[in-house]
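Architecture at a glance
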Number of protein chains: 2
Amino acid sequence: MISVEEAQERMLATIQPLPAITVALAEAAGLVLAEDVIAKEDLPPFANSAMDGYALRSADTRMEHGRPARLRVIGTIAAGYVTEQAIEPGTAMRIMTGAPVPRGADAVIQIELTRSDPTDSSWVEILQEVAPGNNIRAAGEDIRRGQRVLSQGSEIGPWEIGVLATVGQARVKVIRRPRVAIVSTGDEIIDVGEPLQPGKIRNSNGYLLEAAVRRAGAEALRLGVARDTEESLRQVFSQAMQHDLIITSGGVSVGEFDLVKRIMNEQGVIDFWQINMRPGKPLAFGRIGQVPLLGLPGNPVSAAVTFELFGRPLIRKLLGHRRLHRPQVEVTVEDGVSERTPRRHYVRAQVRREQGRFVARTTGHQGSHITTSLLNANALVIVPEGGKILKPGETAQAIMLDWPEE
Amino acid sequence: MISVEEAQERMLATIQPLPAITVALAEAAGLVLAEDVIAKEDLPPFANSAMDGYALRSADTRMEHGRPARLRVIGTIAAGYVTEQAIEPGTAMRIMTGAPVPRGADAVIQIELTRSDPTDSSWVEILQEVAPGNNIRAAGEDIRRGQRVLSQGSEIGPWEIGVLATVGQARVKVIRRPRVAIVSTGDEIIDVGEPLQPGKIRNSNGYLLEAAVRRAGAEALRLGVARDTEESLRQVFSQAMQHDLIITSGGVSVGEFDLVKRIMNEQGVIDFWQINMRPGKPLAFGRIGQVPLLGLPGNPVSAAVTFELFGRPLIRKLLGHRRLHRPQVEVTVEDGVSERTPRRHYVRAQVRREQGRFVARTTGHQGSHITTSLLNANALVIVPEGGKILKPGETAQAIMLDWPEE
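All of the points below concern the structure found in this document. Here the structure is a predicted model, which is why all the values come from computation and not from measurement. (Residues numbered from 1 in each chain as written. Chains lettered and ligands numbered in written order. Predicted model: local features only at pLDDT ≥ 70, side-chain atom pairs only at ≥ 80, totals over all residues. Heavy atoms only, no water.)

**Quick look at the overall build of chain A**
Summing up its helical and strand segments, chain A has six helices and 26 strands in all. The C-alpha radius of gyration of chain A comes to 31 Å, more than 25% above the 22 Å expected for a compact globule of 406 residues. When its C-alpha atoms are laid out on the principal axes, chain A stretches across 100 × 50 × 40 Å. Relative to its 406 residues, chain A shows a buried fraction of 58%. Here the analysis covers contacts within chain A between residues at least 6 apart in sequence; of these, 71% occur between residues at least 24 apart. About 16200 Å² of surface is accessible on chain A, with carbon and sulfur atoms providing 47% of the total. With 47 positive and 48 negative side-chain charges, chain A shows a spacing of 3 Å between the two charge centroids. (Helix = DSSP H or I, 4+ residues; strand = E, 2+ residues; numbered from the N terminus. Rg over C-alpha atoms; globule rule 2.2 N^0.38 Å. Buried < 20%, exposed > 50% of the residue type's maximum accessible area, 1.4 Å probe, protein only. Contact = heavy atoms within 4.5 Å. Areas by Shrake-Rupley, 256 points an atom, 1.4 Å probe, with all protein chains shown as cover. Lys, Arg positive; Asp, Glu negative; His and termini not counted. Charge placed at Lys NZ, Arg CZ, Asp CG, Glu CD.)

Structure below.
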């Protein structure tokens, strides 16, 4: 048996990020930048007003004998327009937020600090003195031409999309999104819409893994169920080889009916591992042709948990992410874990926040065939190997799959 | 000025979840269940083996004079198949994980605890006594017929998809995904692919909000830029009214050129609010016809932050989620926040984990026109109202937008 960490390291060592492609900006969200982005212009491109108000010479705002300065208004500048007029001593121009500051002006005073006659827009009284530069955003204050705005390897979230738009990056070079083939195996598997027949169960893994692969940021293609015949398995694997990663479920344990293992080894190089974890000890990893294959156990609970620990980091590495693993936090396990297992136990739990702490409640019976233990879980509480239990109220590390809102 | 919380409450009070629709299971991921799901069958549907091994009578596993029991092997049961044969005293059947337990057997012994002759499969030696029920998963042990598997209002994640597949739920009734119209306003806005012209800036908000709306779980439709003319605004709003929510940026501050406000009020009922926050004081909220409208400030940083605080919870309420707000944690702000502002300050920051604590580093100059303050931020550190500062190393609450992996 090898540890979870050793298995993760050995798998990840064989994986390289996918090649870069160029996509339209809106399609880059969630992907990883494959080049440095350098600004081609100063941003803002021109000095502009931070407020709705009046552009003027700061020297003209001085009060005389306690009386506000009165300036002649020579025009208006809306955002999006440039004026040829210049501010001369004793004059001002109405200016809108974002509008370019006219020549001659060195400050903007916000409208709330002025007084004017609604029926006569030709003058304005300045109620407060302002310093040079007041309410003016200088050209290049945000980003300088030639500046590196984002580095290769950055994850492109909504806010990065906004900045890329600001610098005019209509197309972006990103690491391509992986296409993942999902294969369920076994003669006992029927599709979700079919009525149950004696001895059969429904293909829950295909649907579960499809949703999990998509959530991890990849495209998921459910190839359906391979039957326990050489022909069926060969056919599904030849289809699966068109993808960037193959994830199978079932067929990796010790039983003699595991034709899957034979066909995998015939078509590629696959290692079969026993991992020191529960649920989910048996695991396969290797390549079919050039395509990496991750073989998960057939049990839905085991498939779900091993996907989180092994499948998701593989997908994130293909996507070019530097952060591959879920965050862990310390939680108080209010109901404890009384089942003893020699292997490290990943217990499904609901974590909530309570007075600044993370509090976990397990999802009930943790047998690997109890699929209801997956429901409403947002964390995996880690009970260390060696048959330990957790008393109610003891603390443990938990892998957070999703965070409580509020 | 009203508080962020009061504005959130007033907005959310006017919003109801969208109507339910029925979708194929694979399309339900991320949505909220609009009905209770009741199991129509026991699951597992039949008693089955938890291991690869031999099905037998537990009474037959007793050792005699320290010698292992030797049983006659009368057949093999693969997963997916049912046998008509029954286990009689002194006999056993090879059985695979998941295969139905044959009549007469009350236990399964795993293959590792047996011995047999590779060249003669007609017998097996049992190396350990087992109790009745050993390695047998009883019918209905996971889910009982008639049991409520998932409740209305549950969020359907990958694991819930797996359980819904298990119970044969090929189609699911869910709250419909909102379609959100995104409208940028202003004569100064040009599209991202266009060369900069004097006085113009690029439409970063449209792209930023599109990505943020998608990440929040809604469909986003960028309707483009409305010009500062009545005609252009009316046309864009009549298009926007075909959606479930309208999000605008720009046109909500005090300036006289804000035609947007007039047209909004002509076509619907809109309130203009001053929120006690920075960035992003001005905000509009109301309805155009029957469609809720959220008007964000035009400034990209303000639009980004106000979307997180107001837009995302609105979308989550439309989606039927019960948890509407991002989680908050206590962080140590290692570089502090020295800018004083009378309003509550939402400071963009990168939060990482260090020795079990969350440590924040701000993203630099926090001016509302400094779009680079959005880059690589995963949290908003909250500096309370009243001109407070945070000294380096002080703690504060932070809204987590995204969590550090590892």
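**Comments concerning helix 6 (residues 300–318) of chain A**
Residue and element names in this part refer to chain A. The largest bend along helix 6 reaches roughly 50° and is located at F307. The element helix 6 is largely enclosed, with a buried count of 18 among its 19 residues. Where helix 6 ends, the next residue or the one after it, G320, has phi of about 90°, a positive value. (Bend = angle between axes of the 7 residues up to and from the residue.)

**Let's talk about the packing of aromatic side chains**
Counting across every chain of the model gives five aromatic pairs over all chains. Considering the side-chain rings of W273 of chain A and F285 of chain A, the 6.3 Å spacing of their centres and the 35° angle between planes classify their relative orientation as tilted. Linking W273 of chain A in strand 18 (residues 268–274) with F285 of chain A in strand 20 (residues 282–288), this pair joins segments that are twelve residues apart in sequence. According to the relative accessible area criterion, W273 of chain A is buried, its value standing at 8%. Connected via pairs of aromatic rings, a cluster forms that spans F358 and W403 of chain A together with F358 and W403 of chain B. For the cation-ring pair, K200 of chain B lies above Y81 of chain A, with the distance from its terminal atom to the ring centre recorded as 4.8 Å. A cation over an aromatic ring shows up here: R353 of chain B above the ring of F358 of chain B, its NZ or CZ 5.3 Å from the ring centre. (Phe/Tyr/Trp six-rings, centres within 6.5 Å; stacked < 30°, edge-to-face > 60°. Lys NZ or Arg CZ within 6 Å of the ring centre and 35° of its normal.)

**Some words on the sheet that holds strand 6 (residues 91–95) of chain B**
Strands in a sheet are paired, the pairing made by backbone hydrogen bonds, and the direction either parallel or antiparallel. Residue and element names in this part refer to chain B. Ordered by their spatial adjacency, six strands build an open sheet running 7-4-6-5-9-8, and the pairing between neighbours is mixed. With partners counted over all chains shown, the strands left at the sheet margins are strand 7 (107–110) and strand 8 (114–117), one partner each. Pairs of neighbouring strands in the sheet enclose a mean axial angle of 35°, with direction left out of account. In terms of strand pairing, strand 4 (residues 53–56) meets strand 7 through four bridges, oriented antiparallel. (Pairing = 2+ DSSP bridges. Axes fitted to C-alpha atoms, helices over the stretch in contact; angles between N-to-C directions.)

**With respect to the interface of chain A and chain B**
Taken together, the contacts link 101 residues of chain A with 101 residues of chain B. Summed over both partners, the interface of chain A with chain B comes to about 8000 Å²; 60% of that surface belongs to carbon and sulfur atoms. Counting across the interface, chain A meets chain B through four salt bridges. The closest approach of N and O atoms between R202 of chain A and E41 of chain B, which form a salt bridge, is 2.8 Å. Where chain A packs against chain B, one counts 22 residue pairs in polar contact (both at pLDDT 80 or more). (Buried area = accessible area lost by both parts, 1.4 Å probe. Salt bridge = Lys/Arg side-chain N within 4 Å of Asp/Glu carboxyl O. Polar contact = N/O pair within 3.5 Å; in protein donor to acceptor, adjacent residues only side chain to side chain.)

**What to know about the pattern of salt bridges**
For the structure on display, the rule yields 42 salt bridges over all chains. R10 of chain B serves as the salt-bridge partner of E6 of chain B, at 3.1 Å between the closest nitrogen and oxygen. Placement of the pair is E6 of chain B and R10 of chain B together in helix 1 (residues 4–12), with a separation of four residues, close to one helical turn. The class of R10 of chain B is partly exposed, set by a relative accessible area of 36%. Several salt bridges share partner residues, and in doing so they unite E230, R234, R262 and E266 of chain A into one network.

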